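# Architecture and fold: a report
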Amino acid sequence: MVYSKFQNTVFGVAFLKAMLFMFCFPAWVDAVWDLEFTEGKPLDDTIEEELAASGDKAFRTLYHCLLTHSIWTILGDNGVSIRSLVAVLSVFVQAGKAKVANVQQRVNGLYAASLYLLLLGIPGSIANKVFHEVLLDTCSDLTSHCWPHDSGKKRKKDSLKSSQADDKRSKPQRKDMKMDDVEEEEEEEGCHFSGQDLMKIRDAVTFLVQSLLRFLQTFPLKDRPHSASNCIRMVEKNEFRSHGAQAVGMLTSQMANTDYACFIKWLFIFSRNSKMVHRLFSIDVVMVLLEQQERTEECQDPELSCFLPHKFLIQNLLFARRMDESPTVQGHALACLAQCLELPSLNITRVYTLKAAKENLALLLRRAKNSKTNVRKSALQALLGLLKHGVIPMSCENLGTLSERCRDPAVSVKKKALQCVGELLAAKPECRDVQKMWLQGVVPAVVDSENSVQDKALEALDQVLLSQIKPYSASSHMSVSQRLTWDLLDLLCNECQNLSQYFSRAFTIWSKQNKFTSAFVTNLVSHTEADHAAGAWLLLSKVVTSSHRVPYGKILDAWDTMVSSKDVNVTTCCHILCVIGDIATHLNEDTKDRIVGKCVSNGISGKFTGPNWNCFNLSICPSISHCTNIILNENGTQNLNEEMMVKYLHTLGVASLHCPTKVGKRTVLLVESVLTTHSDKVPEGQEELPASLPLSQFKANSLPTRVRAHGVITLGKMCLQHEELVHRYLPVFARELEVGTEVAVRNNVVVIMCDMSVRYTNVVDHYIPNISACLRDSDAVIREQTLIMLTNLLQEEFVKWKGSLFFHFMVALVDPDPAIASLCEYCLLHLLLKKTPEMFSQHFIECVFHFNSYNKHNSYNKFPQTEREKVQFSLKGAQHREKRFRIYHFLLEHFTDAQRFNIANKINQTILACFADEELPLDADGAEILSETFSILSLKEMNVQAILTPAGEEPEEENMATMTKAVLQAAQKKVVSQVQKKAFIDNTVPLIISLKNLLEEKRSPVLRDLMAYLQVRPVKMQDYRNEVKEFFSGDEQLAAEVEFALRTSEREREMQKQMDNCSLTEKTKTPSAQVRTHHIQKASI
């Protein structure tokens, strides 16, 4: 018997005592029912303490017992009155509802409410008269009372100093305040809840919501709208919203059409509530309602009929939230859109959703680039749904959005994008555009800076490519997954060759994991005779070095077949040569000579890039001989085959890397001759090229630019293996960057000089300014190449932020090509700033002097620069003011509050103080610097964000962490405000007074900038109007002028507001700056 089991518990014993008490005092039970459960009627103190002491575990035990047994029979057989049981439960509910309830009382009250809802849901509850509307409403609304909404406020009070608390308590109470209220407030202030307490209450609330859902399945509330509204109102926390939405769905499913339409009308208004959590909840409710069958019957009230179709829910509630002011709501609406697309095809909801989504595609693509992470993730999910179901075309823009987000700055967005491209590939495995998009998204993620993203990309590649390699048989049929694998490999061999480096990185990682077994290699070799052999050779070229058992015979047979074929694919040839290079140590000399002969005779030796050149006795004489015949013969260029010449130069370059001992002085001079003929510039008998002259200063030869550009690369490769060549040619390359005319040659010079910086860091360090000067090259290709190469060197710390390098990067921020400017911003923020967080603040003040070409300061803008650099990178003058301030805005936007505060003080010390003390002359250049300084100090980005950032939207859920954060932010704001105010009074005001006197004496126009600055920064003077005289007590006239300017500014804002309200045109508005200047000058007079 459940009763005997129950009475063995501590709670059961106490409960039996309570039953005995009620049996002896039935008047108590009648009194509770007579009060309609509106007031608590206390139990006997001893019994109530025993019941409370048993804890919430006993409540849960009783709850589960009631779920599994026939409670009415058991209670009847044991003489327990149902009215008495309900009365006891109501005691706990009322106690938990009180504002001063402690944690255990709140938890017990929530579990007691759950028990009451369970009793209501058990068949026979109506006959046993368990139902009471007031008690049901109280139980349904109990969460709003039990959750400690004001706990953040109480914590804040606790954090105050005791002296402040004493002062507050010592204040007399208002006469009209009741003593009961005062006592209740004092008691409430004494309630504190730890994180563990809040977890207990949260678990109890969840238990109550689950009980409510179970209750709604068996107990309809369609005739009790007030109780239904309580069920809706109770759920505002994030973890309860889905449960609450399901409860609403159960309620509305029982409603008649008219009631349902009224509810939808109310929900429409509710979805525009000012509270963000309410708007979120309305979306959850819409999703539950959309899963129900659409109501097609007419409504009694024709005006309400428009609320019945699902179309209204989608367009007016769901899609309307896509433009919500809260990014959280926007993202949730887009995520729900994606869920709608997955609804069954027979549901008319899907039709409405597809139509609405198609009409809003442009907006969806913009949301995928939104500044908020959640919005971007939700937009990607919605876009995936549209592509999967064929609602929008597989266009480059639509697919490119998904692959582009795989490189998103936010890790969570990158992971979401990788998931989306994977799902789309699984849904559309035969679409070549989708295959290409998948490769472009997943393969580069292998080198992502975040390890978890790398792992996700490697897992996807392993699953789609490696795991599908099975033994090949011409008679067997490949599955869709296997066909997809070879299609992707074919793309990597042809249209997506630019992903080769990323793809190779994946195999480098896998080889360390011993992933490539002999069976895997054997399976690959079996595919070298199939139509998709190119993909098989691609994989073999990556895995042979990591495998111990390779079928050499089959590889050599495939090589012979390829070279004897008239239609040789260059890419496949390269992959086969790579494989042969890797197995060269296992081949005999005759085989090696035969392969070398075939390479030379077929003109494909330039494609042989394997690392084992020493294993082949590969003579580079054919390459040297060919180059000699072309260059040294007077009419050699007439027989020039440009393609073959490039191949031979490439062969020499690769040979110099892998076999440096076989590259002699004659070979170096021969390559040097490819670049220039300097016979009329070099004295007889001198073999070396003069280091002081650039390549372009020598007598030009007749070789094409493409050949000369490849000659630069070959010479650079030779320098990498011979340090003496670096010292000889590095000045030549640096000079070529300055005066060279051929874009391809200059571009390759940048590449090889950056490569030399890795190997010969100290030697090349002197020439970094020459390289960075290319950020102002006339050709955009070279500017972009330089930006990328320098960023890589800075990341690996082969180059430091020294000299003019930082300022050259800043000029790239305002590059005339928007793509380069955007790339520079990405490199600075996402690649370099993380490595050097103080980089922006350290160089900020020097930016002011450098970009204005001001060199009269003792400490700034003193690093060495050539005259050419000064001209190239100068942003001096009014015509460049907009560019300078774009740089200032960018830097300040990414300062921390501490950096903002420190830079303001540093500006006072290094600029304002120098002018105030007349260490810097107030000439024309000085006036420009001082004016620009006041303009910088007036920028909104100079504000300490802890003071001026608005509170923002309401947090999604109230918990101790968010409330504590809010209290700390408020305290921080107050402290920082006071510190900044003190710093302004102590450090800035004396300088301002001195400068104002000096500017008046010099009659400088900079005085207007000073007065304009005082109205806005650094302590917003509008907030301290009453303290202006205190601030400027040392200069009464200045205080009067500032006060007058503030009043004038306030009048202007009021006038502007009135004009805006009257909808006047822009031309009729009063120019604020002119009016302000006029009044300032008038005040000075």
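- In the annotation of an unreviewed UniProt entry, the protein is listed under the name Condensin complex subunit 1 C-terminal domain-containing protein and assigned to Amphiprion ocellaris.

## Here we look at the overall build of the protein
- Helices and strands together make up the secondary structure of the protein, namely 56 helices and zero strands.
- As displayed, the protein offers around 51500 Å² of accessible surface, 50% of which is attributable to carbon and sulfur atoms.

## Things to note about the packing of aromatic side chains
- Under the defined criterion, the tally for this structure stands at 27 aromatic pairs.
- Ring geometry for W801 and F809: centres 5.2 Å apart, planes at 75°, overall edge-to-face.
- Ring geometry for F844 versus F895: centroids 5.7 Å apart, planes at 70°, classification edge-to-face. In this pair, F844 is assigned in helix α46 (residues 839-851) and F895 in the loop between α48 (881-893) and α49 (897-916), connecting sequence segments 51 residues apart.
- Look at F895 and you get buried, because its relative accessible area is 5%.

## Let's talk about the nonpolar core
- Within the largest apolar cluster, 122 residues are counted, with the highest numbers of intra-cluster contacts made by L402, W438, L439, L461, F503 and L540.
- Counting residues in hydrophobic clusters, the runner-up holds 108 residues, among them I771, A773, C774 and F915.

## Observations regarding unusual backbone geometry
- In this model, E797 sits at a positive phi of 65°, which is unusual for a non-glycine residue.
- Inspection of the secondary structure assignment puts E797 in the loop between α43 (780-795) and α44 (805-812).
- The phi torsion at E918 lies on the positive side, around 60°, for a residue other than glycine.
- Structurally, the position occupied by E918 is in the loop between α49 and α50 (924-937).
- For E918, a relative accessible area of 52% puts it in the exposed group.

## A short note on the environment of I820
- Counting through the fold element by element, I820 comes out in helix α45 (residues 818-832).
- As for I820 and V781, which are separated by 39 residues in sequence, their C-alpha atoms are 9.4 Å apart.
- Apart from residues lying up to four places away in sequence, I820 is in contact with A780, R783, E784, L787, A812 and D815.

## Brief notes about the UniProt feature "transmembrane region" (unreviewed entry) in the protein
- Following the UniProt record, one finds the feature "transmembrane region" (unreviewed entry) at residues 9-29, 80-96 and 108-126.
- What you have in residues 108-126 is 74% helix and 0% strand, and the ends, taken at the C-alpha atoms, are 25 Å apart.

## A word on the packing of helix α37 (residues 665-675) against helix α39 (residues 723-739)
- Contact geometry for α37 and α39: axes closest at 13 Å, N-to-C directions at 20°. The angle between α37 and α39 places the two elements in the roughly parallel class. Between α37 and α39 lies a crossing whose hand is right-handed. Residues V668, L669 and E672 of α37 touch α39, and the partners they reach there are L725, R728 and Y729.
- Its residues placed into classes, the contact of α37 with α39 shows four nonpolar, no polar and two charged.

## Notes on helix α25 (residues 411-427)
- Across its 17 residues, α25 extends 25 Å between first and last C-alpha, which sits within 8% of the 24 Å expected from 1.5 Å per residue.
- Along α25, the residues classified as buried are V413, K414, K416, A417, L418, C420, V421, L424 and L425.
- Buried-residue contacts for α25 involve α23 (373-388), α24 (396-405), α26 (432-442), α27 (451-464) and α28 (480-493).

## Here's the deal with the pattern of salt bridges
- Taken as a whole and judged by the stated rule, the model has 28 salt bridges.
- Ionic pairing is found between E867 and K870, a salt bridge with its closest N-O pair at 3.6 Å. Taken together, the residues E867 and K870, both in helix α47 (residues 867-873) and three residues apart, mark about one turn of the helix.
- Its salt-bridge partner being D897, residue R900 comes within 3.2 Å of it at the nearest N-O pair. Here R900 and its partner D897 are both found in helix α49, three residues apart, which amounts to about one turn of the helix.
- R900 sits in the buried class, given a relative accessible area of 5%.
- Through salt bridges with shared partners, one network takes in R279, R321, D324 and E325.

## Topic: a negative patch on the surface
- Together, D917, E918, E919 and E1001 give the surface a local cluster of negative charge.
- Relative to the helices and strands, D917 is located in the loop between α49 and α50.

## A closer look at the side chain of Q454
- When you line up the elements, Q454 lands in helix α27.
- Of the residues examined, Q454 reaches a relative accessible area of 17% and is grouped as buried.
- Of the polar contacts made by the side chain of Q454, one reaches the backbone oxygen of D448; its length is 2.4 Å.
- When sequence neighbours within four positions are dropped, the list of residues in contact with Q454 reads A445, V446, V447, D448 and I509.

## Describing the confidence of the model for the protein
- Looking at the protein as a whole, the pLDDT averages 76, with 72% of positions reaching at least 70.
- Confidence drops under pLDDT 50 across residues 151-190; counting only partners more than four residues distant or on other chains, this segment forms 25 contacts.

## Description of the environment of H243
- Among the structural elements, H243 can be located in helix α16 (residues 238-253).
- Sequence-distant contacts of H243, defined by excluding residues within four places in its chain, comprise V209 and L213.

## Structural notes on the environment of E495
- Position of E495 among the secondary structure elements: in the loop between α28 and α29 (500-512).
- It is 8.4 Å that separates the C-alpha atoms of E495 and K436, two residues lying 59 residues apart in sequence.
- Every residue in contact with E495, bar those within four places of it in the chain, is listed here: R432 and K436.
- Within the structure, the side chain of E495 is placed 3.3 Å from the side chain of R432, a separation counted as a polar contact.
- A polar contact is formed between the side chain of E495 and the side chain of K436, at a distance of 2.7 Å.

Calculation rules
Residues numbered from 1 in each chain as written. Predicted model: local features only at pLDDT ≥ 70, side-chain atom pairs only at ≥ 80, totals over all residues. Heavy atoms only, no water. Helix = DSSP H or I, 4+ residues; strand = E, 2+ residues; numbered from the N terminus. Areas by Shrake-Rupley, 256 points an atom, 1.4 Å probe, with all protein chains shown as cover. Phe/Tyr/Trp six-rings, centres within 6.5 Å; stacked < 30°, edge-to-face > 60°. Buried < 20%, exposed > 50% of the residue type's maximum accessible area, 1.4 Å probe, protein only. Core = buried A, V, L, I, M, F, W, Y, C linked by side-chain atoms within 4.5 Å. Contact = heavy atoms within 4.5 Å. UniProt positions renumbered as here; feature names shortened; annotations may be inferred. Axes fitted to C-alpha atoms, helices over the stretch in contact; angles between N-to-C directions. Parallel < 35°, antiparallel > 145°, perpendicular 65-115°, else oblique. Left-handed = near helix turned anticlockwise from the far one by under 90°. Nonpolar A, V, L, I, M, F, W, Y, C, P; charged D, E, K, R; others polar. Expected span 1.5 Å × (residues − 1). Salt bridge = Lys/Arg side-chain N within 4 Å of Asp/Glu carboxyl O. Patch = residues over 30% accessible without salt bridge, like charges linked within 9 Å, V, L, I, M, F, W, Y side chains within 5 Å. Lys, Arg positive; Asp, Glu negative; His and termini not counted. Charge placed at Lys NZ, Arg CZ, Asp CG, Glu CD. Polar contact = N/O pair within 3.5 Å; in protein donor to acceptor, adjacent residues only side chain to side chain. pLDDT = per-residue confidence, 0-100.

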